[in-house]
Amino acid sequence: MTDMAIQAAPQGASASATGPVARFLKATELDTRMLGMLGALVVIWIGFHLLSGGLFLTPRNLWNLSVQSASIAVMSTGMVLVIVTRNIDLSVGSLLGFIGMIVGVTQAQYLPELLGFGHPMIWVLALVVGIVVGAIVGGLQGYIIAFLGVPAFIVTLGGLLVWRGAAWWVTSGRTVAPMDPTFRLIGGGPEGAIGATWSWILGIILCLAIIAMLVSGRKQRRKFNFPLRPLWAEGFLGFVGCGLVLGAVAIANSYPWPRGIVRRYAEANNIAIPDGGLFIAHGIAIPVLVAIGVGIVMTFIATRTRFGRYVFAIGGNQEAAELAGINTRWVIMKIFILMGILTAIASAISTARLNAATNAQGTLDELLVIAAAVIGGTSLGGGVGTIAGAMIGAVLMQSLATGMILLGVDTPLQNIVVGLVLVVAVWLDTIYRKRVA
Amino acid sequence: MEKKTPLVEMKNISIAFGGIHAVEDASLDLHEGEVVALLGHNGAGKSTLIKILSGAYKRDNGKIFVNGEEAQINNPRDAKKYGIETIYQTLALADNVDATANLFLGRELMTPWGTLDDVAMESETRKVMARLNPRFQRFKEPVSRLSGGQRQSVAIARAIYFDARVLIMDEPTAALGPQETAQVSDLVRQLKKDGIGIFLISHDIHDVFDLADRVVVMKNGQVVGTAHTKDVTEDEVLGMIILGKCPPGAIPGPGAIQAAAA
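Residues numbered from 1 in each chain as written. Chains lettered and ligands numbered in written order. Predicted model: local features only at pLDDT ≥ 70, side-chain atom pairs only at ≥ 80, totals over all residues.

Asker: Explain the overall build of chain B here, please?
Answerer: The secondary structure content of chain B amounts to nine helices and eleven strands. On C-alpha atoms alone, chain B measures out to a radius of gyration of 19 Å, which is about the 18 Å that the 2.2 N^0.38 rule sets for 262 residues. Overall, the C-alpha framework of chain B stretches about 65 × 40 × 40 Å when taken along its three principal axes. The 262 residues of chain B split such that 45% are buried. In chain B, the share of contacts with a sequence separation of at least 24, taken over all contacts with a separation of at least 6, comes to 64%. (Helix = DSSP H or I, 4+ residues; strand = E, 2+ residues; numbered from the N terminus. Rg over C-alpha atoms; globule rule 2.2 N^0.38 Å. Buried ≥ 20, exposed ≤ 12 C-beta atoms within 10 Å, placed from the backbone. Contact = placed C-beta atoms within 7 Å.)

Asker: Looking at this model, I keep getting lost on the overall build of chain A. Mind explaining?
Answerer: Across its full length, chain A carries 19 helices and zero strands. What you see for chain A is a C-alpha radius of gyration of 23 Å, in line with the 22 Å of a compact globule of 437 residues. Overall size of chain A, expressed as C-alpha extent along the three principal axes, is 65 × 60 × 45 Å. Counting all 437 residues of chain A, 44% fall into the buried class.

Asker: Would you take a moment to explain the interface of chain B and chain A for this structure?
Answerer: Frequently, the measure chosen for interface size is the accessible area removed from exposure when the parts meet. Listed as interface residues are 24 residues of chain B and, on the opposing side, 24 residues of chain A. Mapped by element, the contributors of at least two residues to the side of chain B that touches chain A are helix H2 (76-81) and helix H4 (118-132) of chain B.

Asker: In this structure, what is going on with the pairing of strand S9 (residues 214-219) of chain B? I would like to understand it.
Answerer: A regular strand places its side chains so that they alternate between the two faces of the sheet. Residue and element names in this part refer to chain B. Counting buried residues along S9, six of its six residues qualify, which places the element largely inside the surrounding structure. Alternating residues of S9 divide into Arg214, Val216 and Met218 and Val215, Val217 and Lys219, and every residue in both groups is buried. The pairing of strand S3 (residues 35-39) with S9 spans four bridges and is classified as parallel. The partner of Ala37 across the bridge, within S9, is Val215. What sits between S9 and strand S10 (residues 222-228) in their antiparallel hairpin is a turn of two residues, with Asn220 showing a positive phi close to 50°. (Pairing = 2+ DSSP bridges.)

Asker: How do you make sense of the packing of helix H13 (residues 286-304) of chain A against helix H16 (residues 328-354) of chain A when you look at a structure like this?
Answerer: Helix-helix packing is characterised by the crossing angle of the two axes and by the distance between the axes. Residues and elements named next belong to chain A. At a minimum axis distance of 10 Å, the contact between H13 and H16 shows a crossing angle of 170°. Between H13 and H16, the crossing angle belongs to the class labelled roughly antiparallel. The crossing of H13 and H16 is left-handed. Seen from H13, the contacting residues are Pro287, Val290 and Val294; seen from H16, they are Leu342, Ile345 and Ile349. Tallied by class, residues from the contact of H13 with H16 come to six nonpolar, no polar and no charged. (Axes fitted to C-alpha atoms, helices over the stretch in contact; angles between N-to-C directions. Parallel < 35°, antiparallel > 145°, perpendicular 65-115°, else oblique. Left-handed = near helix turned anticlockwise from the far one by under 90°. Nonpolar A, V, L, I, M, F, W, Y, C, P; charged D, E, K, R; others polar.)

Asker: Quick question: what am I supposed to make of the packing of helix H10 (residues 195-223) of chain A against helix H11 (residues 231-253) of chain A here?
Answerer: Residues and elements named next belong to chain A. Two elements in contact, H10 and H11, have axes separated by 9 Å at closest approach and are oriented at 170°. The angle between H10 and H11 falls in the class roughly antiparallel. In this structure, the crossing between H10 and H11 has a hand that is right-handed. Along its contact with H10, which presents Ala196, Ser199, Trp200, Gly203, Leu206, Cys207, Ile210, Ile211, Leu214 and Arg218, the element H11 presents Glu234, Leu237, Gly238, Gly241, Cys242, Val245, Leu246, Val249, Ala252 and Asn253. A breakdown of the residues in the contact of H10 with H11 according to their chemical character gives 13 nonpolar, five polar and two charged.

Asker: I'm lost on H11 of chain A in this one. Help?
Answerer: Note: α-helices contain 3.6 residues per turn, so residues at a spacing of three or four share the same orientation. Its 23 residues place the ends of H11 of chain A 33 Å apart at the C-alpha level, agreeing with the 33 Å of an ideal helix rising 1.5 Å per residue. Close packing links the buried residues of H11 of chain A with helix H5 (59-84) and H10 of chain A. (Expected span 1.5 Å × (residues − 1).)

Asker: What should I look at first to understand the sheet that holds S9 of chain B in this one?
Answerer: One key point about sheets: their strands pair by backbone hydrogen bonds, in either a parallel or an antiparallel sense. Residue and element names in this part refer to chain B. Strand order in the open sheet formed by seven strands is S6-S7-S8-S3-S9-S10-S11, and the pairing between neighbours is mixed. Strands with a single pairing partner mark the edges of an open sheet, and in this sheet they are strand S6 (84-87) and strand S11 (251-252). For S6 and strand S7 (residues 166-170), the ladder comprises four bridges, and the chain directions are parallel. Of the residues in S7, the one forming a bridge with Ile84 is Val166. Together, S6 and S7 form the strand contacts of helix H5 (residues 148-161), whose direction differs from that of S6 by roughly 175°. Sitting on the sheet, helix H8 (residues 234-243) is in contact with S3, S9 and S10, with an inclination near 25° to S9.

Asker: Even after reading the chapter, I still don't get the sheet that holds strand S4 (residues 61-66) of chain B, so can you show me in this structure?
Answerer: Residue and element names in this part refer to chain B. The four strands lie next to each other as S2-S1-S4-S5, forming an open sheet whose pairing is antiparallel. Each of the sheet's edge strands pairs with one partner strand only, and the pair in question is strand S2 (20-30) and strand S5 (69-70). Where strand S1 (residues 8-17) and S2 come together, seven bridges link them in antiparallel fashion. Looking across to S2, one finds that Phe17 is bridged to Ile20. In the packing of helix H1 (residues 46-53) onto the sheet, the strands contacted are S1, S2 and S4, and the crossing angle to S1 comes to about 115°.

Asker: It is not clear to me how unusual backbone geometry should be interpreted in this structure. Could you clarify?
Answerer: Residues apart from glycine generally show negative phi values, whereas peptide bonds are mostly found in trans. Ala177 of chain A connects to Pro178 of chain A through a cis peptide bond whose omega is -10°. For Pro178 of chain A, the position within the fold is in the loop between helix H8 (152-171) and helix H9 (181-184). Located in the positive-phi region is Ser172 of chain A, a residue other than glycine, with phi close to 55°. As for its placement among the helices and strands, Ser172 of chain A is situated in the loop between H8 and H9. Positive phi outside glycine occurs at Leu91 of chain B, with the angle close to 75°. A tally of 21 C-beta atoms within 10 Å means that Leu91 of chain B is categorised as buried.

Asker: Would you take a moment to explain the environment of Phe153 of chain A for this structure?
Answerer: Its location among the elements puts Phe153 of chain A in helix H8. Along the sequence, Phe153 of chain A and Gln109 of chain A sit 44 residues apart, while their C-alpha atoms lie 35 Å from each other.

Asker: How do you make sense of the confidence of the model for chain A when you look at a structure like this?
Answerer: Interpretation of this model should avoid reading the predicted coordinates in detail wherever pLDDT is low. This prediction gives chain A a mean pLDDT of 90; 95% of its residues lie at or above 70. The low-confidence segment residues 1-17 of chain A, where pLDDT is below 50, has 33 contacts with residues more than four positions distant or belonging to other chains. (pLDDT = per-residue confidence, 0-100.)

Asker: Quick question: what am I supposed to make of the environment of Ala22 of chain A here?
Answerer: Residue and element names in this part refer to chain A. Looking at the secondary structure, you find Ala22 in helix H3 (residues 20-28). A tally of 17 C-beta atoms within 10 Å means that Ala22 is categorised as partly exposed. In the structure, Ala22 is positioned 138 residues away from Leu160 in sequence and 46 Å away in space, judged by C-alpha atoms.

Asker: Just checking my understanding: could you explain the pairing of S10 of chain B for this structure?
Answerer: Residue and element names in this part refer to chain B. Burial of S10 is extensive: five of the seven residues sit out of reach of the surface. Examined bridge by bridge, S9 and S10 share six bridges and lie antiparallel to one another. By the bridge assignment for S10, Val215 is matched with Ala227. Sheet topology note: the S10/S11 ladder contains two bridges and is antiparallel. Bridged to Thr226 within S11 is Ile251.

So, in structure tokens, the structure goes:
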């Protein structure tokens, strides 16, 4: 019905204990793992907020956090499928750099020569070129892994070196800048956000979608006489879901544009600035919207399509999937194509945000992406993982990084902390699985 | 029965793995509503021969006929197209997904929008499981958490749900208790009545002698002989399995000891 990990939730454990917590979890069918991760996130946020003297839980910081998480979050959704089938992709960081260079050169050099500077189609074509390159590179690596039988670890370790080298080769190491003005909106910033009104509209649409999903799910279950959730649990899920969405919108809408940009905007549009200053809200950033859109599409692919079902089946037992008549090789190749496309999208976000393409871009991103997926509950043993979990994992990783920067922690110490957190998270996960199984 | 076209006929099948002849020149057939037991020691080539029929292995030589027509079976999907379903010794279940996902694996029901129709699939699973294992209720759990018998019923449900015409059961009772074994025997009789041809593979003759119409004995990758169960005794079949000695009631195959056949 729902996510794989929700099916893996310990319903057996709560069978004997009928405390209020257990009954609540059973009625709402919430995944305890996911709740645990959200709890950890809240603890980290409050901890940093207190330690930094109230700097962390501000609209400004949370808005920036959301933008900084977007690129890793996008890639982590694909890494879930890769790891679920017991593969790994170490090349995403380098590939991000390579695609960034290609996209940069395309829009800063080739397309202006071809179409003229500032042509409105430049950003679309550059994005399409990036996605095509991502799909081709992913497909190539996937083909070698699935059809030639070279382990994914080796193929993508090779890719890590190859694509980083290739990124250098595109311009012999020269940084490409600036990017097309429209393309830059993908990276966020004051212009790269949709403003207060549209944020509210989008938030309300999302809320309606949540309610519609709950209602249609209930209708389907009733049609086939399956056990229904109690009404209060449905109401609770709807209330919390809508509350989170609208709360996020409210936070994004309370982060105003910087004064300088407001002044320029007012001058350009002939608006008189009142005495108290003009309040123009950012609203939700475009890269965040892209990441949320990717998350929704990937969740749909993972849970509602044949391809997604096969990915999880292969992760559980590849031989069984093969005997059931699934073309497992082709499925695995498709996963890597998808990973390449997602890397291209992440590359566009990060290139647009930097307003430049450099050949060092995305260095070590592969480790952050893998860590996000694993912290988000994707099992390296295969067969288990959720898209939403990985995206929350990405936010958690970025929260750690941002928080430590706010506290003025040195970079080497930051790396040490992130490394330790990863190991501890996987250790806790191992304990959790043993207890559930 | 012998006069009719067999449901399945495998002729002169051979397969070798790295120079070792796992199956050599083996032939056998199966008719509608017939239970054929394929017997032999571990490593005699029974499972290999049957995996060729189910599409898991590609044969080096030989032909397969379904209803008298030559069949192209190169992978499991091909075999399923001919109505050949298999319950593997290992059950071949995807452990991390639930019973419904396993039952429909590779043949999912889809909604008009091209998405998985989980609700319809679960409803069908509940129906077929109610017939096979009425007490089964754990539809939402990954099959790794089910008991051996429950897992077995999921594997059986998967094989019979899609209107199988030929059912291959590889050591179907190896992991089961006496009560569950009796259940499987009842099921075999039921399916036989429905006109399904069944291959029972076992290394233990006692499991299958009463169920089978015919036995085919293999040794060292070759067929020792074929016999109607009414023409031979259990001891004689045991002699075929252990010594490769073909008794008078059986039709000798290429693997029979020549002296015994004379």
